[in-house]
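Chain and residue survey
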Amino acid sequence: MANAPVIKTTGLSYHYSKEAQTLFDINLHVEKGSIYGFLGPNGSGKTTTLSLLLGLLGNQQGDIEIFGQHLHSNRIDILKKIGSLVETPSLYAHLTAKENLEIYRTVYGASKERVNEVLKITGIEGTGQKTVKKFSLGMKQRLSIALALLPNPELLILDEPSNGLDPAGIIELRELIKRLNKDYGMTILISSHLLIEVEKMVSHVGIIFKGKMLFQGSLAELHLFEQKGSKLLVDTSDNEAALKLLQEHHPEWVGNTLALPLKDREQIACINRTLTQNNLDVYLLHPKENNLEQLFIDLTSTKS
Amino acid sequence: MSLLISLRSEVFKTKRTVSLYFTLAAAAFGPLMSMLDLIFDGVDKDHQKDIFNEMFTTKFQMTSAVVLPMFIILICTLLPQIEYKNNTWKQVLASPQLKPNVFFAKFVNIQLLIFLFIVTNQLLMFADAVILHFMEPSLHVLNQPLNVSAMFATLANGYVALLAMSAIHFWLGIRYKNFIIPVAIGIAFWFIGSILVMQTKLLFTEYFPYSFHMFVSFKEFQLKHLNTIRFTSVAYTLLFLFIGFRDFRKKSMN
């Protein structure tokens, strides 16, 4: 049951106009209990995908299953178990935090105690009669999350929740998301273009670019992918000669320097020895490891 | 039950907005003008005999000619703006509510405010009558017989005649993010509708929803046209609610 998909899309495609296709064959697979980072630059199709998952857009092609049920035939039942933060801030500015939650309380069938509970979880229980228009962006974001938590959801869908937050706010949000996942067992789908931020909290990653999924898997699988993509940059007094000497490492030109696939640290020492023993001066031996940021840039720039 | 839940949610959204104060202020406008008229000009000799009934029927007919249509145009357009202004449409539609419930709860919420307008207007008119009773004891205003059925008939006719306008403006308010367009359309058509009836008395005004208030407000048109107006207004209401809901569904899916 640990790997049961909470969200499963099959061949999901979407277009806003006939000329421009927005999504191509998206096959999302979000496992129960995971924190799934849905990554992509602005305009890559993240919000469109999330809007389809929440039934905000009509399904044109492909299939969406959430909690093992088809979305369009069980929309209301499914939405009762989903907390969402679609666009931020999505709150009534003339009302207080409690009043904003009260609007949706009976819609989600939540108790009055739950309102106080979510305010406490998100740390905005002391806002009293202050209306939302007087809130800072960070407080609005917390209230949006409180709203998403109101139904005590099994699945939390957060669309770029760290937008506009300061570094301290981002760290707080990250800790909150981790806590919700750990303490309440919530499955969380979080979209972002802030790759470093997401890398620190997710268990699974999906990378979307220009409406196509480039990568999907666990963080461990991603790290394996990262390792495969690590390179060693080499610059010597005679790079042409170095190219011939290092043929077994499959070097290639990157500008005026050489780049070789990097396997481990010993390989760096071996290459250094080969170069110096052949009277080449070594100016640069730089292991360029692929973090998610680099991998993301590589993946998206290769495909563009 | 779920429509009631959606309605509760809609009513809650109007808390702390000006809509309630606006409704009360608009409803008070007619009685206030009437009171000032009585204070400064006194009661016309022709109307002294039946002033109590006049206050509840003729005065409401005047209200339904100008103040109520203007109120309906503004409230129907401004209430749906809450979602646009706060950027909350997506959050509403991502909540577990049926789309027809969201749509009709918003419409019912507006109708509740229109009812509040009418009730407040009538209560304040009664307050006017009480004041007049003590101001001009010789008129014995409160001792005059009140034709309750005629009063309710006037109120019901006024409400039904303006129902079509409320459905049209509710649709426009949901459709347009910019509220200026529906308000401008409403005021322009209300003016045209009034002029058409006053000046030309063309037959087709019976089918022009922005002329309907005139048939309720002026006795010379009532007998001849009121049945047609009532029927046509209800038909327009159903038609524009249908168009509005289709539009709303389409809009919420794009």
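Within each chain, residues carry numbers counting from 1 in the order of the written sequence. As a convention, the first chain written is A and the first ligand written is 1, with the rest following in written order. Per-residue local features are limited, in this predicted model, to residues with pLDDT of at least 70; the limit for side-chain atom pairs, both in listing and counting, is 80 or more; totals at the level of whole chains, interfaces and linings are taken over all residues. The side-chain quantities take in all heavy atoms of the structure and omit both hydrogens and water.

**A short note on the confidence of the model for chain A**
Detailed reading of the predicted coordinates is not advisable wherever pLDDT is low. Quick reminder of the rule: Residue-level confidence of the predictor is what pLDDT reports, using numbers from 0 through 100. Strands here are runs of E lasting at least two residues and helices are runs of H or I lasting at least four, both read from the DSSP assignment and numbered beginning at the N terminus.
Per-residue confidence for chain A averages 87 on the pLDDT scale, and 93% of its residues sit at or above 70. Per-element averaging of pLDDT across chain A places helix α11 (residues 292-303) of chain A at the bottom with 62 and helix α3 (residues 97-105) of chain A at the top with 95.

**Observations regarding the nonpolar core**
Our working definition: Joining through side-chain atoms within 4.5 Å is the link that ties buried Ala, Val, Leu, Ile, Met, Phe, Trp, Tyr and Cys residues into a set, and such a set is a nonpolar core. When a residue's accessible area, from a 1.4 Å probe over protein chains only, is under 20% of the maximum for its type it is buried; when over 50% it is exposed; and in between it is partly exposed. Contacts are assigned to residue pairs that have any heavy atoms within 4.5 Å of one another.
Grouped together as the largest cluster of nonpolar side chains are 119 residues, with contacts concentrated most on A:L143, A:I188, A:L189 and B:F71. Sort the elements by how many residues they give to this core and helix α9 (residues 148-175) of chain B lands first, with twelve residues. Once residues lying within four places of it in the same chain are set aside, the contact partners of B:F71 are B:F22, B:T23, B:A26, B:L113, B:I114 and B:F117. With 13 residues, the next largest nonpolar core counts B:L38, B:F52, B:M125 and B:A129 among its residues.

**Some details on empty space enclosed by the protein**
Residue and element names in this part refer to chain B. The cut-off we apply is this: In this analysis the probe radius is 1.4 Å and the grid spacing 1 Å, with only protein atoms considered; a cavity is a set of points the probe fits into but cannot get out of, a pocket is an open set with protein on both sides within 12 Å along at least five of seven lines, and lining residues have an atom within 4 Å of a point. Grid points are joined across faces, edges and corners, and a volume is the space filled by probe spheres set on the points. Amino acids outside the nonpolar list (Ala, Val, Leu, Ile, Met, Phe, Trp, Tyr, Cys, Pro) and the charged list (Asp, Glu, Lys, Arg) are all regarded as polar, and Gly is one of them.
All chains considered together, the criterion is met by one cavity of 30 Å³ or more. When its volume is computed, the largest cavity comes out at roughly 80 Å³. Taken together, E10, K13, T14, L79, P80, I82, E83, K106, N109 and I110 make up the lining of the largest cavity. Counting only elements with at least two residues in the lining of the largest cavity, the list comes to α1 (2-13), α6 (81-86) and α8 (99-135). The residue inventory of the lining of the largest cavity, partitioned by class, reads four nonpolar, two polar and four charged.

**A closer look at the packing of α3(A) against α1(B)**
Selection rule: Between N-to-C directions, angles cover 0 to 180 degrees, with each direction set by a line fitted to C-alpha atoms, over the stretch in contact for helices. Between 65 and 115 degrees an angle is taken as roughly perpendicular, under 35 as roughly parallel, over 145 as roughly antiparallel, and anywhere else as oblique. What makes a crossing left-handed is the near helix being turned counterclockwise from the far one by less than a right angle; a clockwise turn instead makes it right-handed.
At a minimum axis separation of 8 Å, α3(A) and α1(B) run at an interaxial angle of 160 degrees. With respect to each other, α3(A) and α1(B) are oriented roughly antiparallel. Both α3(A) and α1(B) take part in a crossing whose hand is left-handed. From α3(A), A:E99, A:E102, A:I103 and A:R105 reach across to α1(B), where they touch B:R8, B:S9, B:F12 and B:K13. A breakdown of the residues in the contact of α3(A) with α1(B) according to their chemical character gives two nonpolar, one polar and five charged.

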